[in-house]
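The lines below spell out each chain.
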Amino acid sequence: MWGAMSVAAAAQTLTVPKYLTAGVGITVRYSDPGRAGQTITVEIDSAGFPSMIVQERQITLDENGNGSFEWLVPAWLVANFNAPGVGEITRDIDLTNVPILALRCVDGRPTMS
């Protein structure tokens, strides 16, 4: 009995690249043979900093239970990925290439440069 349960639990996988960079597209993959032909939802959130942002992506799984989607990594500090039957996956986001807006003063008032 325990063997069957662990096989079923291992059947669902969510694959997210280990390294994420803001502004770069990635492929997120999901697999669950038991949900073949179904549509599942992957929820991605910003972990609540500075405020909670949540995005949802739908994946229609093929006859083998596999599917994927492309995602453009936003300028968040972190992204949490959640999908049916799998534990949350958390990834830090590299913000090295994100432009920083600078303020300068024009006639004594701050202005974006």
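To start, this report covers the structure provided alongside it. Everything numeric here is computed off the predicted structure, so don't read it as measured data. (Residues numbered from 1 in each chain as written. Predicted model: local features only at pLDDT ≥ 70, side-chain atom pairs only at ≥ 80, totals over all residues. Heavy atoms only, no water.)

A look at the pairing of strand β7 (residues 78–82)
Okay, so step 1: Within β7, four of the five residues are buried, which leaves it mostly tucked inside the rest of the structure.
Okay, so step 2: For strand β4 (residues 39–45) and β7, the ladder comprises three bridges, and the chain directions are antiparallel. The residue of β7 that forms the bridge with I44 is F81.
Okay, so step 3: Note that β7 and strand β8 (residues 89–94) share four bridges and pair antiparallel. The partner of F81 across the bridge, within β8, is I89. (Buried < 20%, exposed > 50% of the residue type's maximum accessible area, 1.4 Å probe, protein only. Helix = DSSP H or I, 4+ residues; strand = E, 2+ residues; numbered from the N terminus. Pairing = 2+ DSSP bridges.)

Focus on the pairing of β4
Okay, so step 1: Where β4 and strand β5 (residues 54–60) come together, seven bridges link them in antiparallel fashion. Residue pairing for β5: I44 is matched across the bridge by Q55.

Details of the pattern of salt bridges
If charged atoms from side chains of opposite charge come close, those side chains can pair.
Okay, so step 1: The tally for this structure, following the rule as stated, stands at one salt bridge.
Okay, so step 2: The partner of D32 in a salt bridge is R35, with the nearest N and O atoms 2.9 Å apart.
Okay, so step 3: For R35, a relative accessible area of 26% gives the class partly exposed. (Salt bridge = Lys/Arg side-chain N within 4 Å of Asp/Glu carboxyl O.)

Section: the packing of aromatic side chains
Okay, so step 1: Overall, the coordinates contain two aromatic pairs when judged by the stated rule.
Okay, so step 2: Consider the rings of W71 and F81, whose centres lie 5.4 Å apart with planes at 80°: the pair is edge-to-face. Residue W71 is found in strand β6 (residues 66–72), and its partner F81 is found in strand β7; the two are separated by 10 residues along the sequence.
Okay, so step 3: In this structure W71 comes out as buried when scored by relative accessible area, which is 2%. (Phe/Tyr/Trp six-rings, centres within 6.5 Å; stacked < 30°, edge-to-face > 60°.)

Details of a nonpolar patch on the surface
Okay, so step 1: Judged by side-chain polarity, F49, L77 and L95 come together as a nonpolar surface patch covering roughly 280 Å² of accessible area.
Okay, so step 2: Note on placement: L77 falls in the loop between β6 and β7. (Patch = residues over 30% accessible without salt bridge, like charges linked within 9 Å, V, L, I, M, F, W, Y side chains within 5 Å. Areas by Shrake-Rupley, 256 points an atom, 1.4 Å probe, with all protein chains shown as cover.)

Topic: the sheet that holds strand β1 (residues 13–15)
Okay, so step 1: Read across the sheet, three strands follow the order β1-β3-β6 without closing on themselves; strand pairing throughout is antiparallel. The sheet is open, and its two edges are formed by β1 and β6, each paired on a single side. Ignoring strand direction, the axes of neighbouring strands in this sheet form an average angle of 15°.
Okay, so step 2: For β1 and strand β3 (residues 25–31), the ladder comprises three bridges, and the chain directions are antiparallel. Residue pairing across strands places L14 opposite Y30, the latter belonging to β3. (Axes fitted to C-alpha atoms, helices over the stretch in contact; angles between N-to-C directions.)

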